[in-house]
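Remarks on the overall topology
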Amino acid sequence: MQRQQETEKRQQEPQEQYHPYSDKRQLLVCAATNKAISVILIRYFALVMKQRQQQDWRPPNVVLVGDESKLLDEVESSHSVLSSDDIHRLRFCHVYRFKTRIMLELSEMALFIKKGKLSSEAVDRARALQAEIVARLVGLPEEHKALLERLCRGLEDACSGTTSTTTKEEDVEKLIADAQSMIRALPPDAVRLDLMKSADVIFCTLCSAGSKILQWVGGRDDDSDASTTDLIVDEAAAATEPALYIPIFQCKPSRMMLVGDPKQLPSTVLSPRAKRFGLDRSVQERLMFGGGDGARWKYQMLSVQYRMHPEISQFPSRRFYGNQLGDGECVRLRRNMAPLMQGQPYCFLQVNGQEKEGVGGSTYNLEEADAVVRLIQQLERVYDHKRWKSPDRLRIISFYQAQVTLIRRCLKETGLEGVVVSTVDSAQGCEADLVIISFVKGGRAGFLNDNRRINVALTRARHQLICVGNVSQFPAMYNADTLKDLARDASFRGAVSTTMATAQSSAITLLQQGNQADANKSLVTV
């Protein structure tokens with residue numbers, strides 16, 4: 001009752017013109033890494049844009065906080081998910097670059113006029129820019145809004161070419177200059193405050209949630225109302241407990257949802273002492289499986305996966321999830337789109353390679369790198385479109401940094417640079433149509449005895465997963481039960497191929513012709 005009376009009292013009080021957001025619900029979406037935020041941002045934006053044809057549809061105000069280059073590194077390669085217009089719109093979401101983006105748009109409009117290239121496209125972009133500014137800067141003075149409207153109408157008149165009401169191009173240039181002066185004069189902090197307060201959804205990493213700008217939407221004092229009402233943490237099982245507390249104490253949300261998979265990689269904690277105190281155990285894992293007091297919270301397992309072809313998900317579901325992970329209808333009815341290995345969605349390429357140790361202690365395998373390069377050469381011949389190397393279509397992953405370095409060098413030597421090659425740890429949270437895994441090891445298990453790391457590697461592919469390694473040696477590995485099971489499963493399902501096991505391609509030849517000392521120097525761990 002008291003809370004209701006306080007709410008009614010606030011509604012009766014006059015609201016400040018610049019901050020009409022007191023009853024606004026706001027969602028904060030966080031993750032431990034920039035890459036995880038990039039992935040979820042792109043997927044969210046694609047889903048939202050699909051609804052634009054619905055009646056009374058209003059695009060949500062999305063704000064991105066953090067390092068623009070790191071957060072948007074996946075955007076340019078997301079053409080299969082987002083249109084060019086969507087990608088252009090997404091770049092306006094960055095809170096620190098909003099004014100800069102507007103100034104660039106206005107400069108491009110002026111350039112169109114000077115080059116005599118004024119068209120309906122320029123008018124559409126002007127209208128889109130006007131909508132973006134008005135929606136995000138709610139406290140913008142009315143005279144500024146009127147100036148933007150005159151600019152759009154001037155562009156429309158100049159483009160239409162009517163004789164009675166045509167605005168001269170020099171008049172439009174004057175309006176653009178006035179708009180630039182108006183935007184330039186806006187106080188940066190006032191703009192950022194308005195962007196944050198008008199946002200429906202805010203995306204940032206857990207650490208970025210501690211920035212000063214998030215204090216503007218969070219209630220730091222007991223008597224202040226926090227605008228951020230809800231918090232979702234993606235990849236929560238890969239976040240340390242202190243990192244998770246940053247958005248909680250900074251923004252004080254009333255509700256929180258943790259989304260993650262404790263069966264996959266946790267956060268990287270190197271300190272043995274920190275591990276003894278439980279820092280390597282996430283809040284999500286502790287709540288799900290019990291903490292020091294043994295208490296467990298109820299949780300909801302998402303038991304249907306919509307990414308992997310059923311042939312790919314079969315082994316992870318049985319080995320890691322007790323056959324509780326089912327396949328969604330969209331993947332069960334999906335046509336086979338595997339481009340290599342005779343169209344097998346899941347296969348294991350037997351390579352009789354020899355593992356070697358690089359300068360930094362990391363391990364590499366020349367024969368496996370060669371097999372990977374020849375697979376990519378085949379793929380280049382199969383695909384005829386220019387985006388076949390984009391990260392959402394193709395990824396190469398390995399458990400060892402030295403192997404990642406070697407494969408990158410082999411691809412460059414054969415003119416195939418641009419393909420994404422990364423460690424398994426870096427690939428967590430990502431996915432692609434085709435994923436190639438280089439296991440490297442055939443003797444000691446090393447990293448391969450970590451079930452969570454193997455689980456991540458085997459669950460990145462949508463249409464085809466090709467495992468490259470000496471699978472015949474897996475059963476002899478010590479303390480590697482999952483690898484032994486993987487080898488038995490692949491053999492039982494007839495998924496092991498030896499087609500490319502003995503031949504040698506130009507990649508290894510080029511490396512062997514070069515300076516071997518220089519080659520070894522490049523195979524160091526990071």
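As shown above, the structure is provided for reference.
Conventions used here
- Residues numbered from 1 in each chain as written.
- Predicted model: local features only at pLDDT ≥ 70, side-chain atom pairs only at ≥ 80, totals over all residues.
- Heavy atoms only, no water.
- Helix = DSSP H or I, 4+ residues; strand = E, 2+ residues; numbered from the N terminus.
- Buried < 20%, exposed > 50% of the residue type's maximum accessible area, 1.4 Å probe, protein only.
- Contact = heavy atoms within 4.5 Å.
- Areas by Shrake-Rupley, 256 points an atom, 1.4 Å probe, with all protein chains shown as cover.
- Pairing = 2+ DSSP bridges.
- Axes fitted to C-alpha atoms, helices over the stretch in contact; angles between N-to-C directions.
- 1 Å grid on protein atoms, 1.4 Å probe; cavity = no way out; pocket = protein on both sides within 12 Å on 5 of 7 lines; lining within 4 Å.
- Points joined across faces, edges and corners; volume = space filled by probe spheres on them.
- Nonpolar A, V, L, I, M, F, W, Y, C, P; charged D, E, K, R; others polar.
- Salt bridge = Lys/Arg side-chain N within 4 Å of Asp/Glu carboxyl O.
- Phe/Tyr/Trp six-rings, centres within 6.5 Å; stacked < 30°, edge-to-face > 60°.
- Expected span 1.5 Å × (residues − 1).
- Parallel < 35°, antiparallel > 145°, perpendicular 65-115°, else oblique.

1. Quick word on the overall build of the chain
Within the chain, the regular secondary structure consists of 22 helices and 15 strands. Of all 526 residues assigned to the chain, the portion counted as buried reaches 49%. Sequence separation of at least 24 residues holds for 78% of the intrachain contacts in the chain that already meet a minimum separation of 6. Here the chain has roughly 26,300 Å² of accessible surface; of this, 49% comes from carbon and sulfur atoms.

2. A look at the environment of Cys-207
Topologically, Cys-207 is positioned in the loop between β3 (201–205) and α10 (212–215). You can call Cys-207 exposed: its relative accessible area is 57%. Distance in space between the C-alpha atoms of Cys-207 and Ala-32 is 7.5 Å, their sequence separation being 175 residues.

3. A few points about the sheet that holds strand β14 (residues 461–469)
Adjacent strands of a sheet pair through backbone hydrogen bonds, lying either parallel or antiparallel. Spatial ordering of the open sheet is given by β12-β11-β13-β14-β8-β15, a layout of six strands whose pairing is parallel. Each end of this open sheet is capped by a strand with a single partner; those strands are β12 (421–423) and β15 (496–497). Where strand β8 (residues 346–350) meets β15, two bridges bridge the pair, whose relative direction is parallel. Each residue of the ladder has a partner; that of Leu-349, found in β15, is Ser-497.

4. Re the sheet that holds β3
Pairing in this open sheet of five strands is parallel, and the strands run β2-β3-β1-β4-β5 from one edge to the other. Only two strands of the sheet have a single neighbouring strand rather than two, namely β2 (62–64) and β5 (255–258). With strand direction ignored, the average angle separating the axes of adjacent strands in the sheet is 20 degrees. The pairing of strand β1 (residues 26–31) with β3 spans five bridges and is parallel.

5. Here's the deal with the layout of surface pockets
The volume enclosed by the second largest pocket comes to roughly 620 Å³. Lining the second largest pocket are 22 residues; nearest its centre among them are Thr-268, Leu-270, Asp-425, Phe-447 and Arg-453. Partitioning the lining of the second largest pocket into residue classes produces eight nonpolar, six polar and eight charged.

6. Some remarks on the pattern of salt bridges
Counted by the stated rule, this structure contains 33 salt bridges. A salt bridge links Arg-153 to Glu-149; the nearest nitrogen and oxygen atoms lie 2.8 Å apart. One end of the pair is Arg-153 and the other is Glu-149, both in helix α7 (residues 142–160) and four residues apart, which spans about a single turn. Classification of Arg-153 by relative accessible area gives exposed; the value is 52%. A salt bridge links Asp-189 to Arg-192; its shortest N-O distance comes to 3.9 Å. Note that Asp-189 and Arg-192 are positioned in helix α9 (residues 188–198) at a spacing of three residues, about one turn of the helix. Given the relative accessible area of 25%, Arg-192 is considered partly exposed.

7. As for the packing of aromatic side chains
Within the structure shown, the criterion is met by nine aromatic pairs. On the numbers, 6.2 Å between centres and 90 degrees between planes, the contact of Phe-315 with Phe-320 is edge-to-face. Judged by relative accessible area, Phe-315 falls into the buried class, the value being 2%. Judged by relative accessible area, which is 9%, Phe-320 ranks as buried. A ring pair is formed by Phe-348 and Phe-474, whose centres lie 5.8 Å apart and whose planes are at 80 degrees; its orientation type is edge-to-face. Of this pair, Phe-348 sits in strand β8 while Phe-474 sits in the loop between β14 and α20 (481–492), placing them 126 residues apart in sequence. Taking relative accessible area as the criterion, Phe-474 reaches 0% and is therefore assigned buried.

8. Remarks on helix α6 (residues 120–136)
Between its first and last C-alpha atoms α6 spans 24 Å; for 17 residues at 1.5 Å apiece the expected length is 24 Å, and the two agree. Of the residues making up α6, those classed as buried are Ala-122, Val-123, Ala-126, Leu-129, Gln-130, Glu-132, Ile-133 and Arg-136. In the core, the buried residues of α6 are packed alongside β2, α4 (84–90), α5 (98–114), α7, α8 (169–185) and α9.

9. What about the packing of α6 against α7?
If you want to describe how two helices pack, look at the angle between their axes and the distance between the axes. Remark: α6 packs on α7, axes separated minimally by 9 Å, with the N-to-C direction vectors making an angle of 170 degrees. Here α6 lies roughly antiparallel to α7, going by the angle between them. Between α6 and α7, the residues in contact are Ser-120, Ala-122, Val-123, Ala-126, Arg-127, Gln-130, Ile-133 and Val-134 and Lys-145, Leu-148, Glu-149, Cys-152, Arg-153, Leu-155, Glu-156 and Cys-159, respectively. Of the residues that constitute the contact of α6 with α7, the class distribution is nine nonpolar, two polar and five charged.

10. So, the pairing of β3
Within β3, five of the five residues are buried, which leaves it mostly tucked inside the rest of the structure. Residues Val-201, Phe-203 and Thr-205 of β3 are buried on one face, and the alternating residues Ile-202 and Cys-204, pointing to the opposite face, are buried as well. In the sheet, β2 pairs with β3 via three bridges, with the strands oriented parallel. Looking at the pairing, Leu-64 lines up with Phe-203 of β3.

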